[in-house]
Structure formats: structure tokens, C-alpha cells
Amino acid sequence: LKVPAQIVDLHHLEATKNIKIIGILGYDLFRNFELFFDFQNSLIILNKVNKNGDRLNPDLPAELPFDSLEFMLKGHFIVVSGEVNHIKIHFILDSGAEVNILDRKVNRIILDSFSVVKRVNLLGVSIAEVNATSGILYSVKCGNQNCPGMKTLLLSLDNLNSQFGFVVQGVL
């Protein structure tokens, strides 16, 4: 299987997390597969699918989902709809994110569900540090799931929204 790759220096992330990072896998690798994340057993189960999303090997046992969530594919990003404090917003789903992100420009009613813990400096894929407010976000609902309080960073998503040409209010 050959997929295009980009070379990115991740040494600063390795040093911060004290782990060796060989690479980051994404959309181009997984776009022809159904993915099932089994967190209890530390497994990702891949089933090859056709253009309609049907499994190519229907004899494989099907996992029964507890819930499912509709999404939109915007470029290589999975965008899901959700609610915070009964206000509808859009999130990018990032399976590699350590914490959630909420745009600091969201509706005041949404911010009423954010409890500030402290200010932090972030170091991401780019080497530049970014100031953010760390806290707990309550009253989040995605699909049929009411989420408990979640560690969340409050920061600007202006660059992300302008770079990718669509507007989201958070990252899960």
C-alpha cells in the first residue's frame, strides 16, 4: 500500500511527551476502511469497504455499536454536530487529541458551561507556543450521548477555520 506522506519534524513533541513518534497516520491511509476503536483492548479493527461503505468481506463478524454519529467529511476532517448547553455547534473529531478544544469566540451561553482551571502554554505540531485557558467543559451532547465534564482548552480557532475553509467551534 503506497500513500503520499509529508516529512514533518516532530522532535519537539517527542521531547515534550518523552516518547518516540515514528509518524502520524491519517485520512489517506484509512479512507477505504471501516475503523472500530476498541479502547479496552488497545486495538483498532480495520475492515476494507467499497465506495458505498459496504464491507468487502461480509463474513467478518460485525461489531454492534452502542451508538453511531453522523458526520460530514470536510477535506480530510471528520466534522460532527453537537450541542453545548443546548446550543448547536460543529466539532472536528480528532482521535489523536489529548484534550478537547473550544473556540474562545463561541456564544456566551456555551461559555457558561466552561469552568476555568488555569492558563497554559501549548506546544503543537508547529514549534510556536500558544497561550490557552484550560478548564472543564460541561453540558456537551453528541449524538445520543451526554458527555461528562471534559478537559478542554479555550483558544482561538481562527487560523484553523480560515485555513480549511469551513467553520467549527471545537475539536473533540
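Preceding this paragraph is the structure being described.
The following refers to the structure shown.

What counts as what
Residues numbered from 1 in each chain as written. Predicted model: local features only at pLDDT ≥ 70, side-chain atom pairs only at ≥ 80, totals over all residues. Heavy atoms only, no water. Pairing = 2+ DSSP bridges. Helix = DSSP H or I, 4+ residues; strand = E, 2+ residues; numbered from the N terminus. Core = buried A, V, L, I, M, F, W, Y, C linked by side-chain atoms within 4.5 Å. Buried < 20%, exposed > 50% of the residue type's maximum accessible area, 1.4 Å probe, protein only. Contact = heavy atoms within 4.5 Å.

1. Focus on the pairing of strand S5 (residues 87–93)
Alright, step 1. Here strand S4 (residues 77–84) runs beside S5; their pairing, made up of seven bridges, is antiparallel. In the sheet register, Val-80 faces S5, and the bridge partner there is Phe-91.
Alright, step 2. Between S4 and S5, which follow one another and run antiparallel, lie two residues, and Asn-85 among them has a positive phi close to 55°.
Alright, step 3. Alignment of S5 against strand S12 (residues 170–171), held across two bridges, turns out to be parallel.

2. Some remarks on the nonpolar core
Alright, step 1. Core analysis: the largest hydrophobic core is formed by 15 residues, its most contacted members being Val-84, Ile-89, Phe-91, Leu-102, Ile-110, Leu-137 and Leu-172.
Alright, step 2. Those residues in contact with Phe-91 that lie beyond four places of it in its chain are Ile-78, Val-79, Val-80, Gly-82, Val-84, Cys-142, Val-168, Gly-170, Val-171 and Leu-172.

3. Digging into the side chain of Asn-100
Alright, step 1. With respect to the helices and strands, Asn-100 occurs in strand S6 (residues 100–103).
Alright, step 2. Asn-100 sits in the buried class, given a relative accessible area of 13%.
Alright, step 3. Excluding its chain neighbours within four sequence positions, the residues that come into contact with Asn-100 are Met-150, Lys-151, Thr-152, Leu-153, Val-171 and Leu-172.

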